[in-house]
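Structural description and commentary
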Amino acid sequence: MQKFKKVNSIKGELFLRGDKSISHRAVMFSAMADGISVIRNCSGSEDVSSTINCFEKLGCKFEINGDQIKVTGKGFKGFAKPKTELYAGNSGTTARLISGILSAQNFESVITGDESLSQRPMKRIVEPLKLMGADISANEKGTLPIIIKPAVIKPVNYKLQVASAQVKSAILLCAIHLDEESVIIEQTPTRNHTEKLLNLKTQTTNEGTKIYASRKNYPQPFEITVPSDISSAAFFIVLALVTKDSEIIIRNVSLNETRTGVIKILRQMGGMIEIENEKEESGERTGDVRVYSSRLKNISIPKEIIPNIIDEIPIIAVAGIFAEGNFKIDNAKELRVKESDRIKSLCTNFIKAGLTVEEFEDGFELSGTVSNEEVMFESYGDHRIAMAFGVLSMLMKNGGVVNDFECAGVSNPQFVAQINNLCNY
Ligand code: S3P
């Protein structure tokens, strides 16, 4: 349980650990490469630790020194057969991406996860990997555990059925084990860190973006400095926008175009957000994000941007409560299969906050104002729900409490310490 007091303003400079999506991939690709790689500013999240633990069981060595990791990778098909199940914890990215890699190995493996991950849909990766010849199965409900046995895999020409970077990456990571080229067609853009880090060729066509992958793209040892996590930054950006007399600067944030939807939407809502010192680092765009207190108004959020803001919808909704007009989101059914059913988690907590909530199958609409009572929110074991309601608590007259807040460590174990450094009460 974590109590949050009402905050008057936030001010100062914030350094966040590396982006979680990029860090997962940096760990996986360095583990696959033949030799030593170095990852700087790696995410300190529990999710990325889950990925590291899985690759340790596959025989890789990780020397962790603060936010820097020296990785000794095993090279093409060099992984050792794991002695136990591979436990992906709470991390969908770990379970789904590793399934693509393991589908191409010559040994059997079993992937498990915690209670939340064990309820999340895995058919979305099992089906395309089966089309590639993989011997992969989930249980009868289409969930974990996943069992993968050795099989002869073949290239695919596959049109993605869900707008999901995890599904896209699982297929691509299997495809880079084959000499012949595979083609994956993506109709709605999703985060493209796999494509960038593996230098995959992409082509815009009438059918969507075609992504090409073959053994030519198998990773070699590398060094990378991971830019700071924009999804973690979003909680601080909203807190600065909504509190009076606030100004913060968040250093060296990942500004990959498939991730900056949150900045675009908050700017359209009237948020004063400036980007400074923009540069390219390890193939990814980064910059300092400066945020000032702003008057916000709600806007209509277009369907195409949803995959780009999918992880930030909980905190954008919190911003929407303090903006003119009603906050409404739709076309976001994917929220139902995240670390919790986020539509339900958000709606239940917003009702507790005193708001009028209309829930749809693919979103919700909020009206009214937050109550003056101290409210006890539930995290539902979901890190982004925990932090979103931590921020909402800090915006309520008598503060609030978030039950089971510790799950915030899934993406940002430093959240409370960072808040305490910036907040004036
Ligand atoms: C991620 C992709 C997204 C996102 C998740 C991280 C990734 O999931 O929600 O937090 O690193 O590829 P989906 O691919 O299921 O949309």
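Residues numbered from 1 in each chain as written. Predicted model: local features only at pLDDT ≥ 70, side-chain atom pairs only at ≥ 80, totals over all residues. Heavy atoms only, no water.

Residues in contact with the ligand, as listed here, are Ser21, Arg25, Thr93, Arg96, Ser164, Ala165, Gln166, Arg191, Ile310, Asp311 and Lys338. For the ligand, an oxygen atom lies 2.7 Å from a polar atom in the side chain of arginine 25. Serine 164 is positioned such that a nitrogen or oxygen atom in its side chain is 2.7 Å from an oxygen atom of the ligand. Taken by itself the ligand offers 380 Å² of open surface, and the protein chains cover 95% of this. Elements supplying a minimum of two residues to the shell around the ligand: helix 1 (20-32), helix 3 (92-102) and helix 5 (165-175). (Near = heavy atom within 4 Å. Polar contact = N/O pair within 3.5 Å; in protein donor to acceptor, adjacent residues only side chain to side chain. Areas by Shrake-Rupley, 256 points an atom, 1.4 Å probe, with all protein chains shown as cover. Helix = DSSP H or I, 4+ residues; strand = E, 2+ residues; numbered from the N terminus.)

So, on to the sheet that holds strand 14 (residues 223-225). Ordered in space as 4-5-3-14, the 4 strands form an open sheet in which the pairing is mixed. Looking along the sheet, the strands with just one partner apiece sit at the ends: strand 4 (61-65) and strand 14. Each strand of the sheet is rotated relative to its neighbour by a mean of 15°, with strand direction disregarded. Where strand 4 meets strand 5 (residues 68-74), 5 bridges bridge the pair, whose relative direction is antiparallel. Within the sheet, the bridge partner assigned to lysine 61 lies in strand 5 and is threonine 72. On top of the sheet, helix 1 reaches strand 3 (34-40), strand 4, strand 5 and strand 14; it is set at about 40° to strand 5, its chief contact. (Pairing = 2+ DSSP bridges. Axes fitted to C-alpha atoms, helices over the stretch in contact; angles between N-to-C directions. Contact = heavy atoms within 4.5 Å.)

It is at 10 Å that the axes of helix 2 (residues 46-57) and helix 3 come closest, and there the two elements cross at 30°. Taken as axis vectors, helix 2 and helix 3 run roughly parallel relative to one another. Considering only the axes of helix 2 and helix 3, their crossing is right-handed. Here Asp47, Ser50, Thr51, Cys54 and Phe55 of helix 2 lie close against helix 3, whose contacting residues are Thr94, Ile98 and Ile101. A per-class count over the contact of helix 2 with helix 3 returns 4 nonpolar, 3 polar and 1 charged. (Parallel < 35°, antiparallel > 145°, perpendicular 65-115°, else oblique. Left-handed = near helix turned anticlockwise from the far one by under 90°. Nonpolar A, V, L, I, M, F, W, Y, C, P; charged D, E, K, R; others polar.)

Okay, the environment of glycine 59 next. Mapped onto the fold, glycine 59 is located in the loop between helix 2 and strand 4. Residue glycine 59 is classed as partly exposed on the basis of its relative accessible area, which comes to 34%. Once the C-alpha coordinates of glycine 59 and alanine 213 are considered, the two residues, 154 residues apart in sequence, prove to be 25 Å apart. In this structure, glycine 59 is in contact with Lys74 and Ala80, ignoring residues within four places of it in sequence. (Buried < 20%, exposed > 50% of the residue type's maximum accessible area, 1.4 Å probe, protein only.)

Here we come to the nonpolar core. Ranked by size, the top nonpolar core spans 74 residues in total, and within it Phe350, Phe364, Leu392 and Phe415 carry the most contacts. Among the elements that line this core, the one with the most residues is helix 7 (residues 230-242), at 10 residues. Once you skip the residues sitting within four places of it in the chain, leucine 392 turns out to touch Val318, Ile321, Phe322, Phe350, Ala353, Val370 and Phe377. Grouped together as the second largest cluster of nonpolar side chains are 62 residues, Cys60, Ala95, Ile176 and Ala213 included. (Core = buried A, V, L, I, M, F, W, Y, C linked by side-chain atoms within 4.5 Å.)

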